[in-house]
Amino acid sequence: MLKVIKPGVFSSIQDLGRHGHRHLGVSQAGVLDPIALKAGNALLGNIETAACIEITVGLSEFEFTQPCNFAITGGNLNAKLNSKALYPGWRYHAKAGDIIKFASHPEFLRAYLCVEHGFDVLKVMNSRSTDCQAKFGGFEGNALQKGDVIPFSESLVPCSELAIKPTDYTNVVRVLKGPHCDILPEDYLAQLLSKTWTVSDLSNRMGARLEHPTLLPHQKSIDSQGVHPGVIQLPPTGTPIVLLNDCQTTGGYPIIASVIQADLRHFSQLAPTKTCRFELVDFDVANTALKKQEQEITRFKIAIQQLENKK
Amino acid sequence: MTCVQCYQLSEQALVLSIDGLITQEVRQKIFALAQTAYNTNDFFDIVPANSSITFYLNDFTRADYWLEQLITLWEKSEPEVFTPKTHLIDTFYGGEYGPDLNEVSELTGLSQKQAIELHASVDYQVGFLGFLPGFGYLESLPEQLKLPRKSTPRAHVPALSVAIAESLTAIYPSSSPGGWHLIGRCEQPLFNPHTDSPSLLAPGDVVRFIPKEHR
């Protein structure tokens, strides 16, 4: 079990998300950085969809009540196991009674704690992700609270320490042109692309709201249509919203652009006051980036298997 | 006449969008196409809305194929392929259950009884779901009951409230903030994630409200 001593600013159980229920208004949820989860699970020999804890900001503390092989991935939140410094992209072994702490870091916002076999909470609608808006899934439908005890299977054989080169984060994010640029003022897409945007402190897992001294106001609305993480909505106030994993399933604001799937993970680290810029690409670039990411994960898995076999 | 186009919104999302008058026949065609596409197993999610359907591809390399194929399927789509499910929803109107019924009556010039009868006289169709899990946007409210949203939204709308706004009516599956006029309450659970069919309502379903006497 993992006992929550301090949940920190916001920690929740997440996996690769809830799919197949959007038509019922059920959000995707899931980790904001799927590559970090896949890398953590690859390090531990888990299936890709095993659930982890997504830690936001840090300032959190957990106790392993049983032996555990674990990995941390994502941003470097200055984690420690007892007094030993831990680094993202590494797997480690904890003994019963060991304490893992996440401090914080000015440059990073989210870290992922994966355990061998994954956290063993019940699947709800085929996913272990916490839907924090609708209050189901994860651990009792909520962000982690002090005193929560999260089950997982203990590790019988301590693992060797091993690392995957962490994938870098950037604040230059590639986007595809949105379908509603033609109903918005002519230069709005160009303005979206030329400005450096600041992430607002109203941002959360539902969406990153972006600010700039000159905004992109308008008076257009569209018939509500399906939306998903990555879609950039432009509400009449002119503050673009990059929808993230807890977003609603339909929306009536014009869609000015969409973040390519391979780059959406960068928003997992963009804390309020951080800036970002957008770069327009086409579907070929987007598809190639996605394929490349999938191949990287496959390479990780093969490399880890080879290392395990050598021992 | 309607004009239909299909475009790619993102790597995995294709949108069929319909321009023009959305008649009942067009609506049935939307639900029929959603069902046909669902049966191909090529999509992990299909989200019908008022004048569009968004299809989420399992394999993004199939995008070009489906961009063409969806238009062909739309043209061949027969409205009668879709048979909606009908739900009868027992509803307690007014009083503590519908704190805005009085205001609705004043704003529309209808008596409370007339407003209730009018609201319960129509078969509504679930256009789409969103906002909250299991929250269906039900169309179309009789013309005389159409009102803008409340100027100040409520911070707390009780679960299972029956509400109206603009040309729509809805039932809140769970408690949440909300800006619609609350005219009644029902008892039937609308959403339970722990069951095999979590949502009572699905796109295209028909809903009829049955007024019940307060106990």
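Thresholds, definitions, all that
Residues numbered from 1 in each chain as written. Chains lettered and ligands numbered in written order. Predicted model: local features only at pLDDT ≥ 70, side-chain atom pairs only at ≥ 80, totals over all residues. Helix = DSSP H or I, 4+ residues; strand = E, 2+ residues; numbered from the N terminus. Rg over C-alpha atoms; globule rule 2.2 N^0.38 Å. Buried ≥ 20, exposed ≤ 12 C-beta atoms within 10 Å, placed from the backbone. Contact = placed C-beta atoms within 7 Å. Pairing = 2+ DSSP bridges. Axes fitted to C-alpha atoms, helices over the stretch in contact; angles between N-to-C directions. Nonpolar A, V, L, I, M, F, W, Y, C, P; charged D, E, K, R; others polar. Arc of directions from axis to C-beta. Core = buried A, V, L, I, M, F, W, Y, C linked by C-beta atoms within 7 Å. Domains from an automatic or database assignment. UniProt positions renumbered as here; feature names shortened; annotations may be inferred.

**Q** Hey, could you go over the overall build of chain B for me, with residue numbers and the actual values?
**A** Helix and strand counts for chain B come out as four helices and 13 strands. In summary, chain B has a C-alpha radius of gyration of 19 Å against a globular reference of 17 Å for 215 residues, a match within 12%. Seen along its three principal axes, the alpha-carbon backbone of chain B occupies a region of about 55 × 40 × 30 Å. Looking at the 215 residues of chain B, the share that counts as buried comes to 43%. A sequence separation of at least 24 residues applies to 60% of the contacts in chain B between residues at least 6 apart.

**Q** A description of the sheet that holds strand 17 (residues 231-233) of chain A should follow, citing residues and the corresponding values.
**A** Residue and element names in this part refer to chain A. Taken in spatial order, the seven strands close into a barrel running 13-20-17-18-15-14-21, and their pairing is mixed. Shown here is a sheet whose adjacent strand axes are inclined to one another by a mean of 40°, direction ignored. One ladder, built from two bridges, connects strand 14 (residues 197-199) with strand 21 (residues 275-280); its direction is antiparallel. When the sheet's bridge partners are listed, Trp197 is paired in strand 21 with Cys276.

**Q** Describe in detail the interface of chain A and chain B, supporting the description with residues and values.
**A** Tallying the contact residues gives 29 residues for chain A and 32 residues for chain B. Broken down by secondary-structure element, the contributors of at least two residues to the side of chain A that touches chain B are strand 16 (225-226) and helix 3 (283-310) of chain A. Here the side of chain A that touches chain B gets four residues from one element, more than from any other, and that element is helix 3 of chain A. Grouping the amino acids of the side of chain A that touches chain B by side-chain chemistry returns twelve nonpolar, 15 polar and two charged.

**Q** So what about helix 4 (residues 112-119) of chain B? Which residues, and what values?
**A** Residues and elements named next belong to chain B. Inspection of helix 4 places Ala115, Ile116 and His119 among the buried residues, and these make up the whole buried set. Buried residues along helix 4 cover an arc of 100° about the axis, so they all sit on one side. Those residues of helix 4 hidden inside the fold are in contact with strand 5 (86-93), helix 3 (101-108), strand 10 (168-171), strand 12 (181-186) and strand 13 (206-212).

**Q** Tell me what's going on with the nonpolar core, and back it up with residues and numbers.
**A** The biggest cluster of nonpolar side chains holds 81 residues, and the ones touching the most others in it are A:Cys52, A:Tyr112, A:Leu113, A:Cys114, A:Ile232, A:Val242 and A:Ile256. The element that contributes the greatest number of residues to this core is helix 1 (residues 34-43) of chain A, accounting for six residues. Each of domain 1 (2-163) and domain 2 (172-280) of chain A contributes no fewer than three residues to this core. Not counting residues up to four positions away in its chain, the partners in contact with A:Ile256 are A:Gly178, A:His180, A:Cys181, A:Leu184, A:Tyr188, A:Leu189, A:Leu192, A:Ile232, A:Leu234 and A:Pro240. Counting 62 residues, the second-largest nonpolar core is a separate cluster that includes B:Tyr56, B:Trp74, B:Tyr93 and B:Ala115.

**Q** Before we move on, can you summarise the domain arrangement of chain A with the specific residues and values?
**A** When the parts of a complex come together, some accessible area is lost, and that lost area is often taken as the interface size. All names here are of chain A. When its domains are assigned, chain A resolves into domain 1 (2-163) and domain 2 (172-280). Computed over C-alpha atoms, the centres of domain 1 and domain 2 are 28 Å apart. Opposite the 19 residues of domain 1 that make contact, domain 2 presents 16 residues. Of the residues in the side of domain 1 that touches domain 2, the class split is eight nonpolar, eight polar and three charged.

**Q** Run through the pairing of strand 20 (residues 255-259) of chain A, naming residues and quoting values.
**A** All names here are of chain A. Along strand 20, five of the five residues are buried, which leaves the element largely enclosed by surrounding structure. Here strand 13 (residues 172-177) runs beside strand 20; their pairing, made up of three bridges, is antiparallel. Across the sheet, Lys177 pairs through a bridge with Ala257, a residue of strand 20. As judged from the three bridges shared by strand 17 and strand 20, these two strands associate in the antiparallel manner. Bridge pairing in strand 20 links Ile232 to Ala257.

**Q** Give a detailed account of the UniProt feature "domain: Carboxyltransferase" (unreviewed entry) in chain B, specifying residues and quantitative values.
**A** Per the UniProt record, "domain: Carboxyltransferase" (unreviewed entry) is found at residues 4-201 of chain B. Between the end C-alpha atoms of residues 4-201 of chain B the distance is 27 Å, and the span holds 23% helix and 33% strand.

**Q** Go over the environment of A:Val121 with me, naming the residues and quoting the values.
**A** All names here are of chain A. Note that Val121 resides in the loop between strand 10 (110-115) and strand 11 (149-150). Sequence spacing of Val121 and Ile13 is 108 residues, and the spatial spacing of their C-alpha atoms is 8.6 Å. Not counting the four nearest positions on each side in its chain, Val121 is found in contact with Ile13, Ala51, Arg128, Gly138, Phe139 and Ile150.

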